Amino acid sequence: MLVHSKAGRWAVWGLFGLLFLPLFALPLLVVVAASFATHWSGALPSGPTAGNYAAAVRGESLQALTTSLVTAITASLLALTVGTWAALAGAALKRRGRRLLDALFMLPVAVPSVVVGLAVLVAFSRPPVLLNGTAPIVVLAHTVLVTAFAHQSVSAAIVRLDPVYEQAAASLGARPAYVLWRVRLPLLLPSLTAAGGLCFALSMGELSATMMLYPPDWMPLPVRIFTATDRGSLFSGSAVAVVLMAATLLVLLAVSRIRTKASYR
């Protein structure tokens with residue numbers, strides 16, 4: 001911390017607590033408390049029980065969690081592949097070309113995700129590419145929504161790369177493909193893992209576009225949470241939400257560990 005006095009540090013920590021607890025921690029803590037409750041008593045949930053989690057980790061909820069994990073992992077890998085390829089290609093373009101490429105990838109983020117869902121639905125509801133009512137259309141929509149973040153993260157990392165390593169490899173006779181696979185991509189690995197984790201987290205929580213596209217046999221967990229709370233099952237929906245948060249955090253912790261190891265290579 002860049003505050004050198006003890007009083008200043010206490011003031012900073014106090015301000016952090018005042019901002020963090022009401023805005024971020026308290027709503028999540030209420031969801032966790034509701035997941036262990038059966039009814040509301042005043043301002044807080046009450047009636048302690050673990051029964052909500054019995055339904056949250058089996059049956060349709062477990063299937064929805066598996067669907068979300070498969071969708072998020074697939075969409076993250078596709079987004080990382082496309083975003084990295086575009087970032088590497090854009091690095092060779094002139095300034096105007098890079099700006100145009102950045103604007104193209106940021107376009108899905110600049111509009112509501114429900115618009116992206118509608119666009120995907122309209123585009124792929126007729127031959128020759130008919131995806132409506134299938135799982136791939138959900139994966140495709142998630143990929144479109146998160147690719148911008150992968151592209152921006154990798155593009156920023158490429159700008160910070162020291163060209164000395166690539167120049168040294170090229171001067172020793174390494175071909176461009178070898179320089180890419182053995183020098184450039186390993187240097188980008190920490191940024192790639194960070195971008196993959198971000199894409200995964202965003203995909204796991206995506207709801208608006210998914211609501212327009214998902215088939216009955218491919219219901220991600222956020223949709224399951226929405227339908228449960230919409231029917232008034234607040235406590236079971238809260239338990240499913242906690243399962244979603246826990247699964248996302250576990251994957252992000254694993255990605256963070258990989259990123260840390262890659263940084264020290």
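Residues numbered from 1 in each chain as written. Predicted model: local features only at pLDDT ≥ 70, side-chain atom pairs only at ≥ 80, totals over all residues. Heavy atoms only, no water.

Turning next to the overall build of the chain. Broken down by element type, the chain carries 11 helices and 2 strands. In sequence order, the secondary structure elements of the chain are arranged as α-β-β-α-α-α-α-α-α-α-α-α-α. Every one of the 265 residues in the chain was classed for burial, and the buried ones make up 37%. For the chain, the proportion of contacts with a sequence separation of at least 24, taken over those separated by at least 6, is 67%. By element, 70% of the accessible surface of the chain is carried by carbon and sulfur atoms, the whole surface being about 16000 Å². Side chains of the chain give 19 positive and 7 negative charges; the mean places of these two sets differ by 11 Å. (Helix = DSSP H or I, 4+ residues; strand = E, 2+ residues; numbered from the N terminus. Buried < 20%, exposed > 50% of the residue type's maximum accessible area, 1.4 Å probe, protein only. Contact = heavy atoms within 4.5 Å. Areas by Shrake-Rupley, 256 points an atom, 1.4 Å probe, with all protein chains shown as cover. Lys, Arg positive; Asp, Glu negative; His and termini not counted. Charge placed at Lys NZ, Arg CZ, Asp CG, Glu CD.)

Its 26 residues place the ends of helix 6 (residues 135-160) 38 Å apart at the C-alpha level, agreeing with the 38 Å of an ideal helix rising 1.5 Å per residue. V146 marks the point of greatest bend in helix 6, at about 35°. (Expected span 1.5 Å × (residues − 1). Bend = angle between axes of the 7 residues up to and from the residue.)

The peptide bond linking P127 to P128 adopts the cis configuration, its omega dihedral lying at 15°. In this fold, P128 is placed in the loop between helix 5 (113-123) and helix 6.

In this section: the packing of aromatic side chains. Going through the model one piece at a time under the given rule, you end up with 1 aromatic pair. For the pair F36 and Y53, a centre-to-centre distance of 4.9 Å together with 45° between the ring planes defines the contact as tilted. One end of the pair, F36, is in the loop between helix 1 (6-35) and strand 1 (39-41); the other, Y53, is in helix 2 (residues 51-56), and 17 residues separate them in sequence. Assessed through its relative accessible area of 39%, F36 is described here as partly exposed. Its relative accessible area of 16% is what places Y53 among the buried residues. (Phe/Tyr/Trp six-rings, centres within 6.5 Å; stacked < 30°, edge-to-face > 60°.)

Enumeration over the complete set of coordinates arrives at 2 salt bridges. Taking the shortest distance from any N to any O, the salt bridge between E60 and R224 comes out at 2.7 Å. Of the two residues, E60 sits in helix 3 (residues 59-91) while R224 sits in helix 10 (residues 221-230), which places them 164 residues apart along the sequence. E60 sits in the exposed class, given a relative accessible area of 54%. (Salt bridge = Lys/Arg side-chain N within 4 Å of Asp/Glu carboxyl O.)

With that out of the way, let us pick up the side chain of E206. Residue placement: E206 occurs in the loop between helix 8 (176-204) and helix 9 (208-213). There is no salt bridge for the buried E206, and the closest opposite charge comes from R224, which lies 18 Å off by N-O distance. Of the polar contacts made by the side chain of E206, one reaches the backbone nitrogen of S208; its length is 3.1 Å. The residues contacting E206, other than those within four sequence positions of it, are S113, H142, L145 and P222. (Polar contact = N/O pair within 3.5 Å; in protein donor to acceptor, adjacent residues only side chain to side chain.)

This paragraph deals with the layout of surface pockets. Any space left empty among the atoms is revealed by the rolling of a water-sized probe across them. Estimates place the volume of the largest pocket at around 370 Å³. Going through the elements one at a time, helix 3, helix 8 and helix 11 (234-263) are the ones with two or more residues in the lining of the largest pocket. Partitioning the lining of the largest pocket into residue classes produces 13 nonpolar, 6 polar and no charged. When its volume is computed, the second largest pocket comes out at roughly 220 Å³. Along the wall of the second largest pocket there are 13 residues; nearest its centre are G90, A91, R98, S155 and V159. (1 Å grid on protein atoms, 1.4 Å probe; cavity = no way out; pocket = protein on both sides within 12 Å on 5 of 7 lines; lining within 4 Å. Points joined across faces, edges and corners; volume = space filled by probe spheres on them. Nonpolar A, V, L, I, M, F, W, Y, C, P; charged D, E, K, R; others polar.)

Next up on the list: a nonpolar patch on the surface. Taken together, the side chains of W13, L15, F16, L19, F20, L21, L23 and F24 make up a nonpolar region of the molecular surface, amounting to roughly 860 Å² of accessible area. On the secondary structure map, F16 appears in helix 1. (Patch = residues over 30% accessible without salt bridge, like charges linked within 9 Å, V, L, I, M, F, W, Y side chains within 5 Å.)

Once that is clear, we can look at the packing of helix 3 against helix 10. Contact geometry for helix 3 and helix 10: axes closest at 7 Å, N-to-C directions at 140°. As the angle between them shows, helix 3 and helix 10 are arranged oblique. Contact with helix 3, carried on its side by E60, S61, A64, L65 and S68, involves L221, P222 and R224 of helix 10 and no other residues of that element. Grouping the amino acids of the contact of helix 3 with helix 10 by side-chain chemistry returns 4 nonpolar, 2 polar and 2 charged. (Axes fitted to C-alpha atoms, helices over the stretch in contact; angles between N-to-C directions. Parallel < 35°, antiparallel > 145°, perpendicular 65-115°, else oblique.)

Below, the discussion takes up the UniProt feature "transmembrane region" (unreviewed entry) in the chain. According to UniProt, the "transmembrane region" (unreviewed entry) feature falls on residues 12-37, 69-91, 103-124, 130-150, 187-214 and 234-255. Spanning residues 103-124, this segment combines 86% helix with 0% strand, and its end C-alpha atoms are found 23 Å apart. Taken end to end, residues 234-255 comprises 100% helix and 0% strand; its first and last C-alpha atoms sit 31 Å apart. (UniProt positions renumbered as here; feature names shortened; annotations may be inferred.)

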